[in-house]
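What follows is the residue order along each chain.
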Amino acid sequence: MAAESRNVWLDHPGGYGIVSRGLHWVMAVLFAWQFAGVVLGVVAEDAPIAAFVGGSHKTLGLMLLLLVLARGIWGFVNAPRRPAHEGALGKAAVAGHLVLYALMIVVPSLALFRQYGSGRSFEPFGLALMPGFEGPIAWLTAPANLAHGFLGWTLLVLIAGHIAMALIHRHLWQDDAIGRMTRGRSAPLGSVSD
């Protein structure tokens, strides 16, 4: 019985365990909020909703960075148990996921360097993470000023591609890859409700 309940938490060749699925979906919701704030800031800059949603951008960026690091460590620990990615499409999926992970680390890291380099304090959730100091450090702020926005939009495009591929798996290729990240296992399509 203990082995069965432990397996629910761990990844396995047929799907992903509760921890992997939980990290995936929590991050999906946070990224949706994060990008909604950015889009609202572009299309409705002065609207109160843009300030409300966008006001958490820095704190959520830090949370997402910590979650992606935790998810990467968890994925590495579970790598031998995870579903296999076989053939050319499997290799493309692995490459796509590696690029997603790289951007999910680089984009918020650039912003943190910029935040520190700006000299302004950063206190997410009231914790004095960066106390602030006099004057900016240009070599810390310049890379983020140059690349954070562009790489952030690139990440959004790749996330949209990730979602599109999940839908292609389901509706065009008729396999239940989505089930591995929703239910923790694939199911025959006849048994999956549309």
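Residues numbered from 1 in each chain as written. Predicted model: local features only at pLDDT ≥ 70, side-chain atom pairs only at ≥ 80, totals over all residues. Heavy atoms only, no water.

A. Main features of the pattern of salt bridges. If you walk through the whole model with that rule in mind, you get two salt bridges. Measuring nitrogen to oxygen at the nearest pair gives 2.7 Å for the salt bridge that ties R82 to D11. Of this pair, R82 sits in the loop between α4 (57-78) and α5 (87-118) while D11 sits in the loop between α1 (2-9) and α2 (18-43); the two residues are 71 residues apart in sequence, bridging distant segments of the chain. Among the residues examined, R82 registers a relative accessible area of 23% and is labelled partly exposed. According to the relative accessible area criterion, D11 is buried, its value standing at 2%. For the salt bridge of R183 with D176, the shortest nitrogen-to-oxygen distance reads 2.1 Å. (Salt bridge = Lys/Arg side-chain N within 4 Å of Asp/Glu carboxyl O. Helix = DSSP H or I, 4+ residues; strand = E, 2+ residues; numbered from the N terminus. Buried < 20%, exposed > 50% of the residue type's maximum accessible area, 1.4 Å probe, protein only.)

B. Expanded view of the confidence of the model for the protein. On average, the protein scores 92 in pLDDT, and the residues at 70 or more come to 93%. Low pLDDT, under 50, characterises residues 1-5; the predicted model gives this stretch zero contacts beyond four residues in sequence or across chains. (pLDDT = per-residue confidence, 0-100. Contact = heavy atoms within 4.5 Å.)

C. Spotlight on helix α6 (residues 138-171). With 34 residues, α6 extends 49 Å from end C-alpha to end C-alpha; this agrees with the ideal 50 Å at 1.5 Å per step. At A147, α6 shows its strongest bend, of approximately 40°. All of the buried residues in α6 are L140, T141, A144, H148, L151, G152, L155, I159 and R170. Turning to α6, the residues buried within the fold contact α2, α4, α5 and α7 (177-182). (Expected span 1.5 Å × (residues − 1). Bend = angle between axes of the 7 residues up to and from the residue.)

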